[in-house]
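Notes for the structure review
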Amino acid sequence: MSHLLSRAFSLDDVARIAQRKLPRSIYDFYSGGAENEITMDANRRAFEELALVPRILRGVQPNTQQVILGTASSLPLVIAPMGAVGYGCRDGDVALAKAAASAGIPYVLSTTATTSIERVAEEAGGNLWFQLYTLRRREVTMRLLERAKAAGYGVLVVTADVPVGGKRERDLRNDFSMPFRFTARNMAVFASRPSWALGMLIRGIPTMPNLTEMAGHDSLPVDAAASVGREFDPTFDWEGLKEIRKRWPGKLLLKGLLHPDDAVAAADAGCDGVIVSNHGGRQLDGAVATMRALPGICDMVAHRIEVLLDGGVRRGGDVAKAVALGATAVLVGRPALYGACIAGEAGVEHVLKILNDELVRVMTLCGLSDMASLNRELISRT
Ligand SMILES: Cc1cc2nc3c(=O)[nH]c(=O)nc-3n(C[C@H](O)[C@H](O)[C@H](O)COP(=O)(O)O)c2cc1C
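About the thresholds
- Residues numbered from 1 in each chain as written.
- Predicted model: local features only at pLDDT ≥ 70, side-chain atom pairs only at ≥ 80, totals over all residues.
- Heavy atoms only, no water.
- Buried < 20%, exposed > 50% of the residue type's maximum accessible area, 1.4 Å probe, protein only.
- Helix = DSSP H or I, 4+ residues; strand = E, 2+ residues; numbered from the N terminus.
- Pairing = 2+ DSSP bridges.
- Right-handed = clockwise from strand over helix to strand, strands pointing away.
- Axes fitted to C-alpha atoms, helices over the stretch in contact; angles between N-to-C directions.
- Left-handed = near helix turned anticlockwise from the far one by under 90°.
- Contact = heavy atoms within 4.5 Å.
- Nonpolar A, V, L, I, M, F, W, Y, C, P; charged D, E, K, R; others polar.
- Salt bridge = Lys/Arg side-chain N within 4 Å of Asp/Glu carboxyl O.
- Expected span 1.5 Å × (residues − 1).
- Bend = angle between axes of the 7 residues up to and from the residue.
- Near = heavy atom within 4 Å.
- Polar contact = N/O pair within 3.5 Å; in protein donor to acceptor, adjacent residues only side chain to side chain.
- Areas by Shrake-Rupley, 256 points an atom, 1.4 Å probe, with all protein chains shown as cover.
- Disulfide = S-S within 2.5 Å.
- pLDDT = per-residue confidence, 0-100.
- Phe/Tyr/Trp six-rings, centres within 6.5 Å; stacked < 30°, edge-to-face > 60°.
- Lys NZ or Arg CZ within 6 Å of the ring centre and 35° of its normal.

Looking at the pairing of strand E10 (residues 306-310)
Within E10, 4 of the 5 residues are buried, which leaves it mostly tucked inside the rest of the structure. Sheet analysis places strand E9 (residues 273-276) next to E10, joined by 4 bridges and oriented parallel. Note on E10: the bridge partner recorded for Val276 is Leu309. At this point the chain moves from E9, through helix H14 (residues 290-301), to the parallel E10, and the crossover so formed is right-handed. Here E10 runs beside strand E11 (residues 329-332); their pairing, made up of 3 bridges, is parallel. By the bridge assignment, Leu309 is partnered in E11 with Val330. Handedness of the crossover joining E10 and E11 through helix H15 (residues 316-324): right-handed.

If you want it as structure tokens, here you go:
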């Protein structure tokens, strides 16, 4: 184990170490949220406000396995889709996918990943899901879907909470743009993080091959990565989702909803599940915390489709709380990315091991033998 990892006992430790290693503008881009970051903080607080009510003398040996969308997973855990991973960790998408595969959990590759759909499938394998941003050019969106299908991705995750980019003021202050450009303001990175800056100069600025590879034959602009935000389709609606449902033969998840009626509409549109998410507080600031939205959504649709959740999962106990309130599984975003930035695949494995060990300990302390034994009786609202 790397020296740095041996000092990381919690996911917060992992974040602190990544912060010391990364250029400030990159760490801020990864860790930040929209505007006042109220929703980002609220996601954490919502977990903290739920107290566990343990049962004793049950002599349990917990089994953390969970079936997610029909496939057995060693934990009720999925690595969330994240774009721009290559800025903090070269080949980070492959590192994340490999660590997920060896831990026996699914990995979601982003449309805006810095590694192609095909390369992740070839090099990492495992239970791969693909996250789709719907683009203005319908044929480009459909081509992404076809590529994911051909490369063997079993689950399509359609993200619905980015009709427009969130207002992330850390990025504005840092002059951070995608793709990264060396500007007068961020030139200081050569002094503060010289090896990172040299790596960018020598190996080049990471690209978004899922989009740029299409530039030649699908009339996406050559500077596709630069215009990626503008390429998202703000008019995408329920009819568009039904169209995708017709084209995608595998499991389909809708990500980024917080209202029970939207979860019902997703089930009516043929989705196999929903991901209760506010994009880790990166989009609509002031949006409700995901753990607050979860119970109402489960009440409406958990008997029909699977409900997953993300945003602020930082402890094994958080995983238990979400499952107890009705989630099949949770997605973890930033902590896995920080693990990759510190030590590649080994760093992500370390993060997953911390979560696994904490979950097993919490289940043992609460007298819970398996995922089926987690229910609302575990939770007391403080
Ligand atoms: C750097 C970064 C990039 C992200 N990129 C995407 C993306 O491309 N597609 C997407 O659906 N969600 C994206 N997300 C949101 C995550 O999938 C997830 O909803 C969120 O990070 C979960 O919260 P957490 O980071 O607190 O665990 C991104 C999040 C971060 C931090």
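Focus on the packing of helix H13 (residues 260-268) against H14
In the contact formed by H13 and H14, the axes pass within 8 Å of each other and the chain directions differ by 35°. Both H13 and H14 take part in a crossing whose hand is right-handed. Facing Pro260, Asp261, Ala263 and Val264 of H13, the residues of H14 in contact are Gly296, Ile297, Met300 and Val301. Among the residues making up the contact of H13 with H14, the classes are represented as 6 nonpolar, 1 polar and 1 charged.

A short note on the pattern of salt bridges
Per the counting criterion, the structure on display carries 23 salt bridges. Salt-bridge contacts for Arg292 lead to Glu49; the nearest nitrogen and oxygen are separated by 2.5 Å. Residue Arg292 is found in helix H14, and its partner Glu49 is found in the loop between helix H3 (38-48) and strand E1 (50-52); the two are separated by 243 residues along the sequence. Judged by relative accessible area, which is 30%, Glu49 ranks as partly exposed.

A closer look at helix H16 (residues 334-366)
Its 33 residues give H16 an end-to-end C-alpha distance of only 27 Å, which falls more than 12% under 48 Å, the value for a rise of 1.5 Å per residue. At Ala343, H16 shows its largest bend, some 140°. Residue Gly367 follows H16 closely and has a positive phi angle near 70°.

A short note on the site of the ligand
In the neighbourhood of the ligand, 22 residues make up the surrounding shell, with Pro81, Ser110, Thr159, Asp310 and Arg314 lying closest. Between a nitrogen atom of the ligand and a side-chain N or O atom of Tyr133, the distance comes to 2.9 Å. Measuring from an oxygen atom of the ligand, one finds a side-chain N or O atom of Lys255 at 3.0 Å. Protein contacts shield 98% of the accessible area of the ligand, which totals 610 Å² for the unbound molecule. Class assignment for the residues of the shell around the ligand results in 6 nonpolar, 11 polar and 5 charged.

Quick notes on the state of the cysteines
In the structure shown here, the tally under the stated rule is 0 disulfides. With no disulfide of its own, Cys341 has Cys89 as its nearest cysteine by sulfur position, at a separation of 6.0 Å. Cys341 sits in the buried class, given a relative accessible area of 4%.

Points about the confidence of the model for the protein chain
Summarising the model, the protein chain shows a mean pLDDT of 94, and 95% of its residues fall at 70 or more. Every residue in residues 217-226 is under pLDDT 50, and counting partners more than four places away or in other chains gives 25 contacts.

Remarks on the packing of aromatic side chains
Between two aromatic rings, the relevant description is the distance of the centres plus the angle of the planes. Taken as a whole and judged by the stated rule, the model has 10 aromatic pairs. A ring pair is formed by Tyr87 and Phe176, whose centres lie 6.3 Å apart and whose planes are at 70°; its orientation type is edge-to-face. A residue pair is termed long-range when its members are at least 10 positions apart, and Tyr87 in the loop between strand E4 (77-79) and helix H4 (92-103) and Phe176 in the loop between helix H7 (169-174) and helix H8 (189-192) qualify at 89 residues. Taken individually, Tyr87 and Phe176 each receive the classification buried, so the pair is uniform in this respect. Judged by centre distance (5.0 Å) and plane angle (35°), the rings of Phe182 and Phe190 are tilted. You can call Phe190 partly exposed: its relative accessible area is 30%. Against the face of Phe29 rests Arg282, its NZ or CZ located 5.1 Å from the ring centre.

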